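Summary of the model geometry
Listed below are the residues making up each chain.
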Amino acid sequence: MSLRPEVQVQLDALAEMLDYWVARVRHPAQFWPQFEMLAEEILEQCGDTEKEQVRALIQTMLRGHGLELMPGCKE
């Protein structure tokens, strides 16, 4: 299933920010609050089916940088 273009654009922007944060921030805990907020804003726009796909893409994005959602972060 393909995502709506506006959701894909937001995910692409989040991935670019993650690349920057990982390269510049000394400890991942420094970016989690903003990352979680931006990811939640994207998820709030999604229907149930799309939301599952977006969550999976966000997890894949994080794993690509060797990261996992911190305990207590919303999924």
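Residues numbered from 1 in each chain as written. Predicted model: local features only at pLDDT ≥ 70, side-chain atom pairs only at ≥ 80, totals over all residues. Heavy atoms only, no water.

1. Some points on the pattern of salt bridges
What the rule picks out here adds up to three salt bridges. Residues arginine 4 and glutamate 6 are paired through a salt bridge, measuring 3.0 Å at the closest nitrogen-oxygen approach. A relative accessible area of 41% means that glutamate 6 is categorised as partly exposed. The partner of arginine 4 in a salt bridge is glutamate 50, and the shortest N-O contact between them spans 2.8 Å. On the criterion of sequence distance, the pair formed by arginine 4 in the segment before α1 (5-24) and glutamate 50 in helix α3 (residues 48-63) is long-range, its members being 46 residues apart. Bridged by salt links that share partners, the residues Arg4, Glu6 and Glu50 form one connected network. (Salt bridge = Lys/Arg side-chain N within 4 Å of Asp/Glu carboxyl O. Buried < 20%, exposed > 50% of the residue type's maximum accessible area, 1.4 Å probe, protein only. Helix = DSSP H or I, 4+ residues; strand = E, 2+ residues; numbered from the N terminus.)

2. Observations regarding the packing of helix α2 (residues 32-44) against α3
One can describe the packing of α2 onto α3 by two numbers: an axis separation of 10 Å at closest approach and a directional angle of 155°. For the element pair α2 / α3, the angle class is roughly antiparallel. Seen along the crossing, α2 lies across α3 with a hand that is right-handed. Residue-level inspection shows Trp32, Phe35, Ala39, Ile42 and Leu43 of α2 in contact with α3, the latter providing Lys51, Val54, Arg55, Ile58, Met61 and Leu62. Classifying every residue of the contact of α2 with α3 gives nine nonpolar, no polar and two charged. (Axes fitted to C-alpha atoms, helices over the stretch in contact; angles between N-to-C directions. Parallel < 35°, antiparallel > 145°, perpendicular 65-115°, else oblique. Left-handed = near helix turned anticlockwise from the far one by under 90°. Contact = heavy atoms within 4.5 Å. Nonpolar A, V, L, I, M, F, W, Y, C, P; charged D, E, K, R; others polar.)

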